[in-house]
Amino acid sequence: MTAPSFDFATAHRLVFGAGRATELPSLIDGWGSRALVFTGTRPERHEQLLGALPVPFEVVTVGGEPTVEMARDAVRTGRTSGADVVIAIGGGSAVDLGKAVAALLGNGGDPLDFLEVIGRGLPITAPSVPYIAVPTTAGTGSEVSANAVLASPEHRRKASLRSPFMLPRVALVDPLLTLGCPPAVTASSGLDALTQCLEPFVCPQATPLTDGFAAEGLRRAGQSLRTAFRDGSDVPARTDMALASLLGGLSLANAKLGAVHGFAGVIGGIVDAAHGAVCAALLAPVVEVNVRALGERDAGSHALVRYAQAARLLTSRSEATIGDGVEWLRETVRSLGIPGLATLGVRREDLEDIIENARTASSMRGNPITLTDTELREVLATSFG
Ligand SMILES: [Zn+2]
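Residues numbered from 1 in each chain as written. Predicted model: local features only at pLDDT ≥ 70, side-chain atom pairs only at ≥ 80, totals over all residues. Heavy atoms only, no water.

Pairing is possible between side chains that carry opposite charge, provided their charged atoms lie close to one another. Inspection of every chain in the model, using the stated rule, returns 26 salt bridges. The residue glutamate 65 makes a salt bridge to lysine 158 at a minimum N-O spacing of 2.6 Å. Taken as a pair, glutamate 65 in the loop between strand S3 (57-61) and helix H3 (68-81) and lysine 158 in strand S7 (residues 157-162) lie far apart in primary sequence, 93 residues in all. For glutamate 65, a relative accessible area of 25% corresponds to the partly exposed category. Between aspartate 113 and arginine 120 there is a salt bridge, with the nearest N and O atoms lying 3.3 Å from each other. Owing to a relative accessible area of 60%, arginine 120 belongs among the exposed residues under this scheme. Via salt bridges that share partners, Glu216, Arg219, Arg220 and Asp240 belong to a single interconnected network. (Salt bridge = Lys/Arg side-chain N within 4 Å of Asp/Glu carboxyl O. Helix = DSSP H or I, 4+ residues; strand = E, 2+ residues; numbered from the N terminus. Buried < 20%, exposed > 50% of the residue type's maximum accessible area, 1.4 Å probe, protein only.)

Attention now moves to the sheet that holds strand S8 (residues 170-173). What the six strands build is an open sheet, ordered S1-S8-S5-S4-S2-S3; its pairing is parallel. The open sheet has two edge strands, strand S1 (13-16) and S3, and neither has a second partner. With strand direction ignored, the average angle separating the axes of adjacent strands in the sheet is 15°. Summarising the sheet, strand S2 (residues 35-39) and S3 pair through five bridges and their orientation is parallel. Bridge assignment links leucine 36 to a residue of S3, and that residue is glutamate 58. Sitting on the sheet, helix H4 (residues 92-107) is in contact with S2, strand S4 (85-90) and strand S5 (131-135), with an inclination near 170° to S4. Along the sheet, helix H8 (residues 235-254) contacts S1 and S8; its crossing angle with S1, the most-contacted strand, is approximately 165°. (Pairing = 2+ DSSP bridges. Axes fitted to C-alpha atoms, helices over the stretch in contact; angles between N-to-C directions. Contact = heavy atoms within 4.5 Å.)

This is the structure in structure tokens:
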């Protein structure tokens, strides 16, 4: 192991705790004169919070994963109304779109000027307008990451706007806001959170800080994901999952992800399925193939030690092996009702294109070992049905 040397960046302020969403009005007091608020499709769920805001505001509802066009429309709304503060109260889609729009309001220009891969990739040079992210699902950790993912249906790709300027000014995480999440959303977002703790934990870019966060996230997700799915009103389980999501966000934003997200980013551009469900379908197959590949080509890799630790953290059993961990993942994904990639909309004729694009996806560079095309194909085949 080399001597630690790392950067760590996050939201300017993290506010976490049951019931703390009520602090939203005082947190943004003095930030500006007019807000643009992003919510899911039912803003009336947040009537009380919105009614207490200290500034006038427009609401943009976000149905489905955000697209380039949705960002353009919202920027237009924000510019027309003179919005100088952005608030997102919602799942990963609302939080990502709010983050993208806060950056565009601060920088001017079109999303395609700054988007990686499919756009011009120009650097974002000015701060976002002040932005507060209030997640209502426990999954993406987007409230503490410096990028926003937008889909471009015309390119059949998803890509990121990315800049340290995009880190929210405040991440306000209140587990009580997740109590209303239906089981299917709890399942897909919770398995995304778990994956976002596991991939940074085994990636070569892990740091002593991300290790601590990721391990704690794995322990809490292992302890509470199934409970939160079975009984959505269980506040301690919801609190564990809100923390796992936050810890995953802190980890991925300061280390890297891996093959699950390398594939999921590409697949998300071609099918309209929940990101977390796509990750969940890939999770056990990726771990299994990674562990075998490491055993064959890099048996001394620290990632194998990490996979064994992760197995113990997830199962809460001190004697658990990597195989037990894989079995726990497979059984959890199954019991949470996540189907294979075929049911999520992936067609057999898309598989070779997916491999072609996933090979160069930025998350793939965080995978603990470079997988061969045969191994990538095997992951997709095992995740498919
Ligand atoms: Zn994810």
